[in-house]
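Now for the letters of each chain:
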Amino acid sequence: MREPTIDLNADVAEGADDAALYSIVTSVNIACGAHAGDDETMRDAVARAREHGVAIGAHPGYPDRDSMGRRALAIPPQEIARLMVEQIAALDRIVSRAGLRIRHVKPHGALYNQAAADAAIARAIASAVAAFDPALTLVGLAGSEMLAAGRAAGLEVAGEAFADRGYRADGTLLPRDEPGALIQDPVRAAAQAVALARGEPVPAGDGSVVVEADTVCLHGDTPGAVRNAVSVRAALEAAGIKVAPL
């Protein structure tokens, strides 16, 4: 039997103290200056990723710093595509100077959630990623429209699940303002990560759900993010699950 393998990723360069995460995860999604970050934070994140041998991904979002990119904006698909390319290019310039390359793209916040259900937005994102570099992997919510659009655009895709977020039974995430949306207990986060990596059911707000995941996310700005990450990594390895980049 093939050894179970999972990527462990974190969203970084979003203003939180996330330096400790780089030694725990296998991939990072670096904010590209729209919802958070700037050239300096991108350079710092790339340097840390290089130091720890962590795979680098772009984390583009809506240009809405007031809500940290977590408010849905009424932007036409062609403008979304332009914003995607602009942000990926901003990170790529810094990554290239460091002698590295971007491996994947994971949209952020409201844009990510909209693309999970809205086929037009998903197509705009996938087409932008494919136009920028068809070798990039598109990361999106497992089972979502974004992954379908990525496949249709000829991209490699990776289904993402969350160790620190609550689920609904349909596989979507509980909104952040609902009870149980954020998992801050390291033991619960670890148990959920192991179940996700094994393809086992995880608790949902109205039952349970099985999520087919290639990568498990830990948010760098979740309270207790480092404790969660340490607990998750240890539990995955104790369960015989290989933790490796996509």
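Look a little higher up for the structure.
Residues numbered from 1 in each chain as written. Predicted model: local features only at pLDDT ≥ 70, side-chain atom pairs only at ≥ 80, totals over all residues. Heavy atoms only, no water.

Here's the deal with the overall build of the protein
Next up, step 1: Within the protein one finds 7 helices and 10 strands.
Next up, step 2: The C-alpha radius of gyration of the protein comes to 16 Å, within 12% of the 18 Å expected for a compact globule of 246 residues.
Next up, step 3: Once the C-alpha set of the protein is aligned to its principal axes, its extents read approximately 40 × 40 × 35 Å.
Next up, step 4: Each of the 246 residues in the protein was classed as buried or not, and the buried ones make up 54%.
Next up, step 5: Restricting to contacts in the protein with at least 6 residues of sequence separation, those with at least 24 account for 67%.
Next up, step 6: The positive charge centre, built from 23 side chains, and the negative charge centre, built from 32, are 3 Å apart in the protein. (Helix = DSSP H or I, 4+ residues; strand = E, 2+ residues; numbered from the N terminus. Rg over C-alpha atoms; globule rule 2.2 N^0.38 Å. Buried < 20%, exposed > 50% of the residue type's maximum accessible area, 1.4 Å probe, protein only. Contact = heavy atoms within 4.5 Å. Lys, Arg positive; Asp, Glu negative; His and termini not counted. Charge placed at Lys NZ, Arg CZ, Asp CG, Glu CD.)

Points about helix 1 (residues 39–52)
Next up, step 1: Here helix 1 spans 20 Å end to end across 14 residues, near enough to the 20 Å set by a 1.5 Å rise per residue.
Next up, step 2: Among the residues of helix 1, those classed as buried are Met42, Ala45, Val46 and Ala49. For helix 1, the angular spread of the buried residues around the axis is 100 degrees, confining them to a single face. Counted as exposed and oriented over 90 degrees from the buried face of helix 1: Glu40 and Glu51.
Next up, step 3: Capping the start of helix 1 is the job of one residue whose side-chain oxygen sits 3.1 Å from the backbone nitrogen of Glu40: Asp38.
Next up, step 4: Immediately downstream of helix 1, the backbone of Gly53 shows phi near 65 degrees, a positive value. (Expected span 1.5 Å × (residues − 1). Arc of directions from axis to C-beta. Polar contact = N/O pair within 3.5 Å; in protein donor to acceptor, adjacent residues only side chain to side chain.)

Quick look at helix 6 (residues 186–198)
Next up, step 1: With 13 residues, helix 6 should reach 18 Å at 1.5 Å per residue; the first-to-last C-alpha distance of 18 Å fits that figure.
Next up, step 2: Within helix 6, burial applies to Ala189, Ala190, Gln192, Ala193, Val194, Ala195, Leu196 and Ala197.
Next up, step 3: Among the residues of helix 6, the N-terminal cap falls to Asp185, whose side-chain oxygen and the backbone nitrogen of Val187 are separated by 3.0 Å.
Next up, step 4: Gly199 lies just past helix 6 and shows a positive phi near 75 degrees.

Focus: the pairing of strand 3 (residues 55–59)
Next up, step 1: Across the 5 residues that make up strand 3, a large majority, 5, are buried.
Next up, step 2: Residue alternation in strand 3 divides its side chains into two sets, Ala55, Gly57 and His59 and Ile56 and Ala58, and both sets are buried.
Next up, step 3: Strand direction decides the pairing type here: strand 2 (residues 27–31) and strand 3, joined by 5 bridges, are parallel. Counted as the bridge partner of Ile30 is Ala58 from strand 3.
Next up, step 4: Regarding the hand of the β-α-β motif, the stretch spanning strand 2, helix 1 and strand 3 is right-handed.
Next up, step 5: The pairing of strand 3 with strand 4 (residues 104–105) spans 2 bridges and is classified as parallel. (Pairing = 2+ DSSP bridges. Right-handed = clockwise from strand over helix to strand, strands pointing away.)

Let's talk about the packing of helix 1 against helix 2 (residues 77–97)
Next up, step 1: Where helix 1 contacts helix 2, the two axes come as close as 10 Å, and the packing angle between them is 50 degrees. In terms of orientation, helix 1 lies oblique with respect to helix 2. Read as a crossing pair, helix 1 and helix 2 show a hand that is right-handed. Between helix 1, through Asp39, Met42, Arg43 and Val46, and helix 2, the contact on the second element is made entirely by Ala90, Leu91, Ile94 and Val95. (Axes fitted to C-alpha atoms, helices over the stretch in contact; angles between N-to-C directions. Parallel < 35°, antiparallel > 145°, perpendicular 65-115°, else oblique. Left-handed = near helix turned anticlockwise from the far one by under 90°.)

Topic: the packing of aromatic side chains
Next up, step 1: What the rule picks out here adds up to 1 aromatic pair.
Next up, step 2: Centre to centre, the rings of Tyr112 and Phe162 are 6.1 Å apart; their planes meet at 85 degrees, and the pair counts as edge-to-face. Taken together, the positions of Tyr112 in helix 3 (residues 109–117) and Phe162 in strand 6 (residues 156–162) put the pair 50 residues apart, joining distant regions of the chain. Across the pair, exposure class does not vary: Tyr112 and Phe162 are buried alike.
Next up, step 3: Over the face of the ring belonging to Tyr112 we find Lys106, whose NZ or CZ atom lies 5.7 Å from the ring centre. (Phe/Tyr/Trp six-rings, centres within 6.5 Å; stacked < 30°, edge-to-face > 60°. Lys NZ or Arg CZ within 6 Å of the ring centre and 35° of its normal.)

Quick word on unusual backbone geometry
Next up, step 1: In this model, Ala13 sits at a positive phi of 65 degrees, which is unusual for a non-glycine residue.
Next up, step 2: Given the relative accessible area of 9%, Ala13 is considered buried.
Next up, step 3: Its identity is not glycine, yet Met68 carries a phi of approximately 60 degrees, on the positive side.
Next up, step 4: Tracing the sequence through the fold places Met68 in the loop between strand 3 and helix 2.
Next up, step 5: For Met68, a relative accessible area of 16% puts it in the buried group.

What about the environment of Lys242?
Next up, step 1: Within the fold, Lys242 resides in strand 10 (residues 242–243).
Next up, step 2: As for Lys242 and Pro223, which are separated by 19 residues in sequence, their C-alpha atoms are 26 Å apart.
Next up, step 3: With residues up to four places along the chain from it excluded, the contact list for Lys242 reads Glu3, Pro4, Thr5 and Ile6.

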